[in-house]
Amino acid sequence: MAWHIQSGLNPPKTFSCRNPQISPSFFSIDQCRTKLKPDKYPIISLSIVAIQNQQQHRQPLKDVMSSSDRKEEVFTAIRSSLSNCLSETNLHLTVPGLKSKTRGKVRDIYDAGDYLVLVTTDRQSAFDRVLASIPFKGQVLNETSLWWFNRTQHITPNAVILAPDENVTIAKKCSVFPVEFVVRGFVTGSTDTSLWTVYKNGVRNYCGNLLPDGLVKNQKLSANIITPTTKAADHDVPVTPDEIVERGLMTRADYDKASRKALSLFEYGQRVASEHGLILVDTKYEFGKGSDGTILLIDEVHTPDSSRYWISHSYEEHFKNGLEPENVDKEFLRLWFKDHCNPYEDEVLPDAPGELVCELAWRYIFLFETITGSKFDIPMSEEPIHDRISRNVSQALASLK
C-alpha cells in the first residue's frame, strides 16, 4: 500500500480547485499548466518527443532490445550513472511544509497536508526486500505510470494531481484499501506467491480461483484471474475475496467495483501491449477511496516493476519447446539472486553484478519507449538529483497553496 501514511495523517481529502475550468476530481498534467506557471519550473509532459528512428521499429523487438544503436547510446549513459542513483531521499529536511516521511520499498512518501508527495527512487525491490539501485529506474517508473494514468481515465479516475519532476508525483489523499489486486493471464513466476510456484506444489484453489489439472509453466489461462494479497509484517499474503470482506479490509461492494476496474485495466493493458509486440503477463493494482466515495487508482500502472512483460512473436515457439519466454522485466535479476543465495532468508545478499544492473536499466527504458512510442529523456544536467527534486517540489507546493 504505497500511498498510505498513517490513519491520523491520511484522512480523505478533496482538492479544492481555484480554476473553474478544471474539474476538482482530477488534474492531469496538461490541465495544471495554467495554474502552475510552467515557466517557473518544469512540468513533466505525458507526451515526450516521438522516436524518429523508423528503421528500429522494423526490427524484431528482441533484436532492438539485445543489440541496437539506441541500446549502445543508453548503455553509455547508464554506466556513467551507476554511482549517481537516487537510493534515498530526505525531502522533509529540504522542502518546507513536508510533515513526515514514509519509506516504501521503492517510493518515499511525504505528507504535505492536503497532498502526498511520492518520490520514485532507483531502489530495486524483489522478494520483499531491496536488491540494488538501478540508474534512471525511478524516472522510468514515474513517467510510465503517468502515461498509463492519463490513458486509463475512461476506465477509472485516479489520484494524480501533477508531476513537477521526473521522479515525483503529487497526489490527492485518499483512504487506501489494504489489498493489492494482482491480475494474472498466465501460469508463471518464481516467487513464493507466484501462480506457478503454488500450482506446481499442488494448489488448485488459489485466492478463490479454481485451477484445472494439467497446466504447465508459462501457459496462458483460459481467462484472466485476480489473486489478491494483503500485507502481513514485511511480506504479501494471498487472500480470497471472502476473506477480504470477512476481515473488514473492504466491503463486498467496494471489492466488486475495484476488481472489475482491475480486470478492465488489465485487458486494456494487454491490448496496448499486443499492439507493440508485447504480452502483459501479470501485474498488480492498488486503489483508494476519495472523500466522495469514488474509488481511485493509485500507486503505479503497468510498470516493469509491477508487471511482467514477454515478447509476443517468440512466445508460442518458446512455449512449445519448453523454453522460458523472452522477457522484458526484472525476472532475470530475480533468478540470478535465487541461483546465488536464499533471498528470503539470507541476512546479507551478494551485490548484483554491474552488467546485470545495466541490462535491467536498459530493459526498463526499452519497455517505456516501446509502449509509449516516446524517447526516454536521459537527464543531462549535472545538478544532484536530490537538489533538483527538492527545488521542483518546493515550487510546486508553493503554487498549489
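These numbers were taken from a predicted model, which means no experiment stands behind them.

> What should I look at first to understand the sheet that holds strand 6 (residues 160–165) in this one?
Strand pairing in a sheet relies on backbone hydrogen bonds. The paired strands run either parallel or antiparallel. Pairing in this open sheet of five strands is antiparallel, and the strands run 1-2-3-7-6 from one edge to the other. Each edge of the open sheet carries a strand with a single partner, namely strand 1 (100–103) and strand 6. Taking each pair of neighbouring strands and ignoring which way they run, the sheet shows an average axis angle of 25°. As paired elements, strand 6 and strand 7 (residues 168–172) share three bridges and run antiparallel to each other.

> When you look at the pattern of salt bridges in this model, what are you seeing that I'm missing?
Working definition: two side chains of opposite charge can pair if their charged atoms are close together. Inspection of every chain in the model, using the stated rule, returns 25 salt bridges. Note that Lys71 and Glu359 form a salt bridge whose closest N and O atoms lie 3.2 Å from each other. Taken together, the residues Lys71 in helix 4 (residues 69–80) and Glu359 in helix 11 (residues 354–372) connect sequence positions 288 residues apart. You can call Glu359 buried: its relative accessible area is 15%. For the salt bridge of Arg204 with Asp213, the shortest nitrogen-to-oxygen distance reads 2.8 Å. Overall, the relative accessible area of 63% leaves Asp213 in the exposed class. In the salt-bridge network here, residues are joined through shared partners; they are Glu88, Lys101, Arg103, Asp108 and Arg123.

> Is there a simple way to think about the nonpolar core in this case?
Generally speaking, soluble globular proteins have nonpolar side chains that are buried together. In this structure, Phe181, Leu278, Tyr285, Phe287, Tyr309 and Phe337 are the most contacted members of the largest nonpolar core, which totals 67 residues. Sorting elements by how many residues they give to this core places helix 11 first, with 11 residues. Those residues within four positions of Tyr285 in sequence are excluded, and the remaining contacts are Val179, Glu180, Phe181, Val183, Ala262, Leu265, Phe266, Leu297, Val301 and His302. Grouped together as the second largest cluster of nonpolar side chains are 19 residues, Leu91, Val95, Val117 and Ala396 included.

> Explain the packing of aromatic side chains to me, please; I cannot follow it from the model alone.
Aromatic rings considered in pairs are described by the distance between their centres and by the relative angle of their planes. For the structure shown, the criterion picks out 14 aromatic pairs. Ring geometry for Trp310 and Tyr315: centres 5.6 Å apart, planes at 15°, overall stacked. Using a relative accessible area of 3% as the deciding quantity, one classes Trp310 as buried. Through a chain of ring-to-ring contacts, three or more aromatic side chains come together here, namely Phe186, Trp310, Tyr315 and Phe319. Positioned above the aromatic ring of Tyr199, the side-chain terminus of Arg204 is 3.7 Å from the ring centre. In this structure, Arg363 is placed above the aromatic ring of Phe332, and the distance from its NZ or CZ to the ring centre is 4.3 Å.

> It is not clear to me how the pairing of strand 7 should be interpreted in this structure. Could you clarify?
Within strand 7, five of the five residues are buried, leaving the element largely enclosed by the surrounding structure. Residue alternation in strand 7 divides its side chains into two sets, Val168, Ile170 and Lys172 and Thr169 and Ala171, and both sets are buried. Pairing of strand 3 (residues 115–120) with strand 7 involves five bridges; the strand directions are antiparallel. The residue bridging Tyr115 from the neighbouring strand is Lys172, located in strand 7. Connecting strand 6 to the antiparallel partner strand 7 that follows it, the hairpin turn spans two residues.

> What's the story with unusual backbone geometry in this structure? I'm lost.
Backbone phi values are negative for most residues with the exception of glycine, while trans is the configuration of most peptide bonds. Residue Asn218 is not a glycine yet carries a positive backbone phi of 75°. By the secondary structure assignment, Asn218 is in the loop between strand 11 (209–210) and strand 12 (219–226). Of note in this structure, His302 is not a glycine but carries a positive phi near 55°. You can see His302 is positioned in the loop between strand 16 (295–298) and strand 17 (308–311).

> What should I look at first to understand helix 11 in this one?
For the α-helix, the turn length of 3.6 residues means that residues three or four positions removed from each other point alike. Taking 1.5 Å of rise per residue, 19 residues should cover 27 Å, and helix 11 covers 27 Å from first to last C-alpha, within 8% of that figure. Along helix 11, 16 of the 19 residues are buried, which leaves the element largely enclosed by surrounding structure. Phi turns positive one or two residues past the end of helix 11, at Gly373, with a value near 70°.

> Can you help me understand the side chain of Asp299 in this one?
Along the polypeptide, Asp299 turns up in the loop between strand 16 and strand 17. Polar side-chain contacts of Asp299 include one of 2.4 Å to the side chain of Lys284.

> Sorry, what's going on with the packing of helix 5 (residues 137–151) against helix 8 (residues 252–275) here?
In a pair of packed helices, the angle between the axes and the distance between the axes together describe the arrangement. Running from amino to carboxyl end, helix 5 crosses helix 8 at an angle of 115°, the nearest separation of the two axes being 12 Å. Regarding the angle of helix 5 to helix 8, the classification is roughly perpendicular. Judged by the twist between their axes, the crossing of helix 5 over helix 8 is right-handed. Within the contact between the two elements, helix 5 uses Trp147, Trp148 and Arg151 and helix 8 uses Tyr268, Gly269 and Val272. Looking at the contact of helix 5 with helix 8 residue by residue, the class counts come to four nonpolar, one polar and one charged.

The rules behind each value
- Residues numbered from 1 in each chain as written.
- Predicted model: local features only at pLDDT ≥ 70, side-chain atom pairs only at ≥ 80, totals over all residues.
- Heavy atoms only, no water.
- Pairing = 2+ DSSP bridges.
- Helix = DSSP H or I, 4+ residues; strand = E, 2+ residues; numbered from the N terminus.
- Axes fitted to C-alpha atoms, helices over the stretch in contact; angles between N-to-C directions.
- Salt bridge = Lys/Arg side-chain N within 4 Å of Asp/Glu carboxyl O.
- Buried < 20%, exposed > 50% of the residue type's maximum accessible area, 1.4 Å probe, protein only.
- Core = buried A, V, L, I, M, F, W, Y, C linked by side-chain atoms within 4.5 Å.
- Contact = heavy atoms within 4.5 Å.
- Phe/Tyr/Trp six-rings, centres within 6.5 Å; stacked < 30°, edge-to-face > 60°.
- Lys NZ or Arg CZ within 6 Å of the ring centre and 35° of its normal.
- Expected span 1.5 Å × (residues − 1).
- Polar contact = N/O pair within 3.5 Å; in protein donor to acceptor, adjacent residues only side chain to side chain.
- Parallel < 35°, antiparallel > 145°, perpendicular 65-115°, else oblique.
- Left-handed = near helix turned anticlockwise from the far one by under 90°.
- Nonpolar A, V, L, I, M, F, W, Y, C, P; charged D, E, K, R; others polar.

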